[in-house]
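Observations on the model geometry
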Protein chains: 2
Amino acid sequence: MASKAEERRNALRATLIEKAEARIASDGLDQLRARDLAKDAGCSVGAIYNVFGDLNELAMAVNARTFQRLGSTVTASFAGKTIPPRDRLVIMSHAYLHFAEEHTLLWRALFDLKMSSDMAVPQWYLAELQAVFAHIAGPLAEIFPDWQPEKIGLMTRALFSAVHGIVLLGLEKRISAVPLDQIESMIALVLANVTSSK
Amino acid sequence: MASKAEERRNALRATLIEKAEARIASDGLDQLRARDLAKDAGCSVGAIYNVFGDLNELAMAVNARTFQRLGSTVTASFAGKTIPPRDRLVIMSHAYLHFAEEHTLLWRALFDLKMSSDMAVPQWYLAELQAVFAHIAGPLAEIFPDWQPEKIGLMTRALFSAVHGIVLLGLEKRISAVPLDQIESMIALVLANVTSSK
DNA sequence: GACTCCCGTGAACGGCGTTCAACATAGCGG
DNA sequence: CCGCTATGTTGAACGCCGTTCACGGGAGTC
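Residues numbered from 1 in each chain as written. Chains lettered and ligands numbered in written order. Predicted model: local features only at pLDDT ≥ 70, side-chain atom pairs only at ≥ 80, totals over all residues. Heavy atoms only, no water.

Remarks on the overall build of chain A
From N to C terminus, chain A includes nine helices and zero strands. The secondary structure elements of chain A, listed N-terminal to C-terminal, are α-α-α-α-α-α-α-α-α. Referenced to the eigenvectors of the C-alpha coordinate spread, the extents of chain A come out at roughly 65 × 40 × 35 Å. Split into buried and exposed, the 198 residues of chain A put 48% on the buried side. Taking the contacts inside chain A whose residues are at least 6 apart along the sequence as the reference set, 68% of them involve residues at least 24 apart. (Helix = DSSP H or I, 4+ residues; strand = E, 2+ residues; numbered from the N terminus. Buried < 20%, exposed > 50% of the residue type's maximum accessible area, 1.4 Å probe, protein only. Contact = heavy atoms within 4.5 Å.)

Concerning the relation of the copies chain A and chain B
Of the two same-sequence chains, chain A is brought onto chain B (RMSD 0.0 Å, axial shift 0.0 Å) by a rotation of 180°. Such a turn and shift between the copies fits a two-fold axis. The overlap is high: 100% of the interface residues of chain A also sit at the interface in chain B, so the same surface is used on both sides. (Least-squares fit on C-alpha atoms with pLDDT ≥ 70 in both.)

Points about the packing of aromatic side chains
Counting across every chain of the model gives 16 aromatic pairs over all chains. Judged by centre distance (5.8 Å) and plane angle (75°), the ring pair of Trp-107 of chain B and Phe-111 of chain B falls under edge-to-face. You can see Trp-107 of chain B and its partner Phe-111 of chain B sitting in helix H6 (residues 104-112), four residues apart, about one turn around the helix. Given the relative accessible area of 22%, Phe-111 of chain B is considered partly exposed. Ring pairs connect the aromatic residues Tyr-96, Trp-107, Phe-111, Phe-133 and Phe-160 of chain A, which therefore count as one cluster. One cation-aromatic arrangement involves Lys-151 of chain A over Trp-147 of chain A; the distance from NZ or CZ to the ring centre is 4.3 Å. (Phe/Tyr/Trp six-rings, centres within 6.5 Å; stacked < 30°, edge-to-face > 60°. Lys NZ or Arg CZ within 6 Å of the ring centre and 35° of its normal.)

Considerations on the protein's contact with DNA strand C
For DNA strand C, the set of nearby residues contains 16 residues, the closest of which are Leu-32, Arg-35 and Tyr-49 of chain A together with Ser-44 and Asn-50 of chain B. Near the protein, within 4 Å, the atoms of DNA strand C are sugar or phosphate in 60% of cases. Interatomic distance of 2.4 Å between a side-chain N/O atom of Asn-50 of chain B and a phosphate oxygen of DNA strand C. With four residues, the top contributor of residues to the surface near DNA strand C is helix H3 (residues 45-51) of chain B. Here the surface near DNA strand C is built from residues that sort into eight nonpolar, three polar and five charged. (Near = heavy atom within 4 Å. Polar contact = N/O pair within 3.5 Å; in protein donor to acceptor, adjacent residues only side chain to side chain. Nonpolar A, V, L, I, M, F, W, Y, C, P; charged D, E, K, R; others polar.)

Things to note about the domain arrangement of chain A
Residue and element names in this part refer to chain A. When cut into domains, chain A gives domain 1 (1-53) and domain 2 (56-194). Computed over C-alpha atoms only, the centres of domain 1 and domain 2 are separated by 29 Å. Listed by partner, the interface residues are 15 residues for domain 1 and 12 residues for domain 2. Interface area, domain 1 with domain 2, both sides summed: about 1,100 Å², of which 78% is carbon and sulfur. Taken together, the connections running from domain 1 to domain 2 amount to two salt bridges. Here Glu-21 ties to Arg-69 by a salt bridge, and the two come within 3.0 Å at their closest N and O atoms. At the boundary of domain 1 with domain 2, the tally comes to three residue pairs in polar contact (both at pLDDT 80 or more). The greatest single-element share of the side of domain 1 that touches domain 2, amounting to 10 residues, is contributed by helix H1 (residues 3-27). Looking at side-chain class alone, the side of domain 1 that touches domain 2 contains eight nonpolar, three polar and four charged residues. (Domains from an automatic or database assignment. Buried area = accessible area lost by both parts, 1.4 Å probe. Salt bridge = Lys/Arg side-chain N within 4 Å of Asp/Glu carboxyl O.)

Focus: the protein's contact with DNA strand D
Close contacts around DNA strand D come from 16 residues, with Ser-44 of chain A together with Leu-32, Arg-33, Arg-35 and Tyr-49 of chain B the closest. By atom count, sugar and phosphate contribute 58% of the portion of DNA strand D lying within 4 Å of the protein. Here a phosphate oxygen of DNA strand D sits 3.0 Å away from a polar atom, N or O, in the side chain of Ser-44 of chain A. Between a base nitrogen of DNA strand D and a side-chain N or O atom of Arg-35 of chain B, the distance comes to 2.7 Å. Counting residues per element, the ones that place at least two in the surface near DNA strand D are helix H3 (45-51) of chain A together with helix H2 (34-41) of chain B. Sorting elements by how many residues they give to the surface near DNA strand D places H3 of chain A first, with four residues.

What to know about the side chain of Asn-63 of chain A
Residues and elements named next belong to chain A. Tracing the backbone shows Asn-63 in helix H4 (residues 55-76). On the accessibility criterion, Asn-63 (3% relative accessible area) is buried. Non-local contacts of Asn-63, meaning those with residues more than four positions away in its chain, are made with Leu-106, Ala-109, Leu-110, Leu-113 and Trp-124.

A look at the side chain of Thr-156 of chain A
As for its placement among the helices and strands, Thr-156 of chain A is situated in helix H8 (residues 149-171). Given the relative accessible area of 3%, Thr-156 of chain A is considered buried.

Some details on the nonpolar core
Counting residues in each nonpolar core, the largest one holds 113 residues, and the members touching the most others are Leu-16, Trp-107 and Val-167 of chain A together with Trp-107 and Val-167 of chain B. Not counting the four nearest positions on each side in its chain, Val-167 of chain A is found in contact with Tyr-96, Leu-97, Ala-100, Trp-107 and Ile-187 of chain A. Among the nonpolar cores identified, the runner-up in size contains 23 residues, and Ala-41, Ile-48, Ala-59 and Val-62 of chain B belong to it. (Core = buried A, V, L, I, M, F, W, Y, C linked by side-chain atoms within 4.5 Å.)

Thoughts on the interface of chain A and chain B
On the chain B side, the residues contacting the 38 residues of chain A number 38 residues. For the pairing of chain A and chain B, the buried interface totals around 3,400 Å² over both sides, and the portion due to carbon and sulfur atoms is 70%. Our count for the contact surface shared by chain A and chain B stands at zero salt bridges. Put simply, chain A and chain B have zero residue pairs in polar contact (both at pLDDT 80 or more) between them. Going through the elements one at a time, helix H6 (104-112), helix H7 (123-143), H8 and helix H9 (180-195) of chain A are the ones with two or more residues in the side of chain A that touches chain B. If one sorts the elements of the side of chain A that touches chain B by residue count, H8 of chain A sits on top with 13 residues. Grouping the constituent residues of the side of chain A that touches chain B by class yields 24 nonpolar, eight polar and six charged.

In structure tokens, the structure reads:
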């Protein structure tokens, strides 16, 4: 049976993801080195390539975890409470901001990784994204009951992108070190104006 | 006199910037190679390092040009015309979008370059950014004459970041290949709702 | 014409991701 | 319990990268 071998393989896979995540979290995706990783995981460099095709695949696996944790955090921010749709959008956005701020390098790795080259976008990626979009589209449909689904969809993506942009540039130190509560204000300001009925 | 030498040095500097820009525009910042560049410019690899400290400095010089052209494009989009402040914001944003779409790789290099490490943010960078902010703050002050300058400044940065985010994710193929006119609609949708008086 | 200084040159260096021939080991039929 | 094979593991080696530096040649000076 291959259970022994497969078990070790899965154990190594888990270890590699864990160590890679730690290294990305502390030093950034661009500082991930195969030799460092082998040392961290107590294996040889070649062993990495028996589990993952290349370092990108490993980084993808880390991103999958990060993305899921991000989704859970955003979902948990409003779950179980009864909150007006406008406030729900603000609370979710703030949850997104705080996740990005607390796990900046892991969060950045989600977008720094270039997967355009060869393979298609993985399934889990689109699934998580759709879940996030659904969380935004729901409140929007409540706020604008007369809007067509297409317009709701467009606004959903627009709002997600807008909040993402505010968080991205707000956390970027070189442009302007914006205090966290000011970034919160920016998000609230934009969302309040966008979602206020005319 | 050092005029002969200095002349050649400046000529090489200009050539290197030109060739580097061409290579970034066609292949992206991460495909910029010192050896390729030396071949393009007809010099040795070492000569590059007599003009620039490293390839980052050269990429910075390319970014400076790109940033100035971006600023000119956005400014020209509404110059000389008398346009209501709301429409001016939309027109500027669309000019930003089209510049990013037409010079995607050069535009992306503006943000991909990591200058956090050692040196301070260059002066031209902040100056150009302030010019862009001024173009946004003007219309905003017209639309919201009763807002405090601090709130105008916050909204200025928020709107810039939001539009940037919409353009960024809209042009990102992996998330969803959004047609250009849909990105325009998203920007218009957000700006219309943000700048509409309640 | 000789001397000096400076700058372009490209081979060399260290570090990277990735590969692969050599080796170790686990599973298995006898 | 013993070979035999097939699969997993290893780390030296490969090719490519940015960057450096000892060398050689050409310009400026007397």
